Amino acid sequence: MSKKISFNVNLIYFVVLSLFVVMRILSDNGVFAFMGDYASYYMSFIIQIGLIFLLPIVLLNIFQKNRSQKFETFKFLNYNKTSSKMILLSVVFGLVVFILNIYVSTFFNTIIQLFGYKPAASSREFTSTWWTFILDLICTAVLPAICEETLHRGMLLRGNSNLGMKKAILISGFLFGLLHLNIEQFFYASIIGIFLGYVCWCTNTIYPCMIIHFMNNALSVVLSYLSDKGINLMGGIAKFFVNNPLIGFVMILLVLVILLIISSELLNMMLKETLRINFGKKKQQLAAQAMRASFFNQIEAIKNDEEPEQVTRQVIYIDAEEFLKMMSNEMMIKEIDSASQEDKKFELKIKILLYGSFILS
């Protein structure tokens, strides 16, 4: 990844972030109050679709249009094909991440409340209905999963890949947490952002990140809707732990350990599935090359008045185990090559943009 592309990506992100902050300030000061009770939904559509999704893609294409090399936007944004098994693993992973997120957010919110922070009360003044539930699901789960992942695990992660895996993941993760502009969400959003960056890097596709992000937010919306309807599942669990502190403490630790083990196993399965997908692609490429070679050999045989059947055909055998080892080594080499660039200093412009994004957030 060239430094020119890295500069363009960080410039686009800074522009998007600046506009987002301005819109949030205007919103908090009642500028969009004329939209009525549904102002938050209108603003969500405008910000997510227009500002976070479409604007970066348009600007990226404008900045890259003069390059002699063909620029495939969505391929650059990690929109690579995946498998149905990977999708299923991502759905299960999303459920696990949601439960782990409860641990992380509860811990951090407890810490900041010890320092005097008071959580903000909900500002919505109308009753939850099936219609508002659908809107909440779209604005809180569907749109962020697509738009925020495209911006962070797509453009930002890929654009800073020349800095190495660790730096690129940390930058995209922390800026993702800061983008929420909310101290309650910052800590756990950053943790999730770092984790999703690692998943995207390992699987080489953004779709698992979108699914995990959607599952985490959607489950929160569902529980909130049930709570408004008098079905407070989390409150019942919390009450049990309060009434049975010793049993509750043991159960919390036990569930946490189990969830971490499950997370490790799911990640290993996703890595194996990624290698399998890459193996299938490589096998197709080699088969296509062999067919082309065979075709041109037959053409040459006809030109030389030879029988096509007499032409020796080269048969390519692919050992699956050896190929998987080779793919694993390639991934490691990719990381090492990127990591070797970590000691290189940013160009001044990229430094200013990155630090500016952190400070502004």
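What counts and what doesn't
- Residues numbered from 1 in each chain as written.
- Predicted model: local features only at pLDDT ≥ 70, side-chain atom pairs only at ≥ 80, totals over all residues.
- Heavy atoms only, no water.
- Helix = DSSP H or I, 4+ residues; strand = E, 2+ residues; numbered from the N terminus.
- Buried < 20%, exposed > 50% of the residue type's maximum accessible area, 1.4 Å probe, protein only.
- Contact = heavy atoms within 4.5 Å.
- pLDDT = per-residue confidence, 0-100.
- Patch = residues over 30% accessible without salt bridge, like charges linked within 9 Å, V, L, I, M, F, W, Y side chains within 5 Å.
- Areas by Shrake-Rupley, 256 points an atom, 1.4 Å probe, with all protein chains shown as cover.
- Salt bridge = Lys/Arg side-chain N within 4 Å of Asp/Glu carboxyl O.
- Phe/Tyr/Trp six-rings, centres within 6.5 Å; stacked < 30°, edge-to-face > 60°.
- Lys, Arg positive; Asp, Glu negative; His and termini not counted.
- Polar contact = N/O pair within 3.5 Å; in protein donor to acceptor, adjacent residues only side chain to side chain.
- 1 Å grid on protein atoms, 1.4 Å probe; cavity = no way out; pocket = protein on both sides within 12 Å on 5 of 7 lines; lining within 4 Å.
- Points joined across faces, edges and corners; volume = space filled by probe spheres on them.
- Nonpolar A, V, L, I, M, F, W, Y, C, P; charged D, E, K, R; others polar.
- Axes fitted to C-alpha atoms, helices over the stretch in contact; angles between N-to-C directions.
- Parallel < 35°, antiparallel > 145°, perpendicular 65-115°, else oblique.
- Left-handed = near helix turned anticlockwise from the far one by under 90°.
- Core = buried A, V, L, I, M, F, W, Y, C linked by side-chain atoms within 4.5 Å.

1. Observations concerning the overall build of the protein
Then, in step 1: Scanning the protein from terminus to terminus reveals 12 helices and 0 strands.
Then, in step 2: Beginning at the N terminus, the succession of helices and strands in the protein can be written as α-α-α-α-α-α-α-α-α-α-α-α.
Then, in step 3: Of all 361 residues assigned to the protein, the portion counted as buried reaches 39%.
Then, in step 4: Within the protein, contacts between residues at least 6 apart in sequence are counted, and of these 80% link residues at least 24 apart.

2. Observations regarding the confidence of the model for the protein
Then, in step 1: Looking at the protein, the pLDDT average stands at 81 and 76% of residues meet or exceed 70.
Then, in step 2: The low-confidence segment residues 330–343, where pLDDT is below 50, has 16 contacts with residues more than four positions distant or belonging to other chains.

3. Some words on the environment of Phe186
Then, in step 1: Among the secondary structure elements, Phe186 is positioned in helix α7 (residues 183–203).
Then, in step 2: Its relative accessible area of 26% is what places Phe186 among the partly exposed residues.
Then, in step 3: Distance in space between the C-alpha atoms of Phe186 and Phe108 is 9.5 Å, their sequence separation being 78 residues.
Then, in step 4: Discounting residues that sit within four places of it in the chain, Phe186 has contacts with Phe174, Gly177 and Leu178.

4. Description of a nonpolar patch on the surface
Then, in step 1: There is a patch of nonpolar side chains on the surface, built from Tyr38, Tyr42, Trp130, Trp131 and Ile134 and spanning about 560 Å² of accessible area.
Then, in step 2: With 3 residues, the single largest contributor to the nonpolar patch is helix α5 (residues 130–159).
Then, in step 3: Among the secondary structure elements, Tyr38 is positioned in the loop between α1 (3–28) and α2 (39–64).

5. Quick notes on the packing of aromatic side chains
Then, in step 1: Evaluated as defined, the whole model comprises 7 aromatic pairs.
Then, in step 2: Aromatic pair Tyr38 and Tyr41: ring centres 5.7 Å apart, planes at 35°, arrangement tilted.
Then, in step 3: The exposure class of Tyr38 is partly exposed, given its relative accessible area of 31%.
Then, in step 4: Judged by relative accessible area, Tyr41 falls into the buried class, the value being 5%.
Then, in step 5: Aromatic pair Phe93 and Phe195: ring centres 5.0 Å apart, planes at 65°, arrangement edge-to-face. Taken together, the residues span a long stretch of sequence, with Phe93 in helix α4 (residues 84–114) and Phe195 in helix α7 at a distance of 102 residues.
Then, in step 6: Of the aromatic side chains, those joined through ring pairs into one cluster are Phe74, Tyr79 and Tyr207.

6. As for the side chain of Glu184
Then, in step 1: Of note, Glu184 is situated in helix α7.
Then, in step 2: Buried charged residue Glu184 carries no salt bridge. Nearest counter-charge: Arg24, at 10 Å.
Then, in step 3: Separated by 2.9 Å, the side chains of Glu184 and Tyr117 make a polar contact.
Then, in step 4: When residues no more than four places from it in sequence are discounted, the contact partners of Glu184 are Phe108, Asn109, Ile112, Tyr117, Pro119 and Ala120.

7. A word on empty space enclosed by the protein
Then, in step 1: Under the counting rule described, the total for this entry stands at 2 cavities of 30 Å³ or more.
Then, in step 2: By volume, the second largest cavity amounts to about 50 Å³.
Then, in step 3: Looking at the second largest cavity, the residues that line it are Ile52, Phe53, Pro56, Ile57, Leu60, Leu77, Thr150, Leu151 and Met155.
Then, in step 4: Of all the secondary structure elements, the ones that give two or more residues to the lining of the second largest cavity are α2 and α5.
Then, in step 5: Of all the elements, α2 adds the most residues to the lining of the second largest cavity, at 5 residues.
Then, in step 6: Of the residues assigned to the lining of the second largest cavity, the class counts are 8 nonpolar, 1 polar and no charged.

8. Focus on the packing of α5 against α7
Then, in step 1: It is at 11 Å that the axes of α5 and α7 come closest, and there the two elements cross at 55°. Here α5 lies oblique to α7, going by the angle between them. Between α5 and α7 the crossing geometry is right-handed. Of α7, the residues touching α5 (which contributes Glu149, Arg153 and Leu157) are Gly193, Leu196, Gly197, Cys200 and Trp201.
Then, in step 2: For the contact of α5 with α7, the class distribution of residues is 4 nonpolar, 2 polar and 2 charged.

9. Brief notes about the side chain of Thr132
Then, in step 1: Relative to the assigned elements, Thr132 resides in helix α5.
Then, in step 2: Classification of Thr132 by relative accessible area gives buried; the value is 1%.
Then, in step 3: Engagement of the side chain of Thr132 in a polar contact is seen with the backbone nitrogen of Thr129, the distance being 2.7 Å.

10. Examining the environment of Asn162
Then, in step 1: Along the polypeptide, Asn162 turns up in the loop between α5 and α6 (165–179).
Then, in step 2: Judged by its relative accessible area of 10%, Asn162 falls in the buried class.
Then, in step 3: Separated by 156 residues in sequence, Asn162 and Ser6 have C-alpha atoms that sit 7.9 Å apart.

11. What to know about the nonpolar core
Then, in step 1: Counting 36 residues, the largest nonpolar core has Val9, Tyr13, Ile47, Phe76, Leu77 and Met155 as the members making the most contacts within it.
Then, in step 2: When residues of this core are assigned to their parent elements, the largest contribution, 10 residues, is made by α1.
Then, in step 3: Among all residues touching Leu77, those that are not within four sequence positions of it are Ile57, Leu60, Thr150, Gly154, Met155 and Ile206.
Then, in step 4: One finds Val96, Met165, Tyr188 and Ile192 within the second-largest nonpolar core, a separate group that totals 23 residues.

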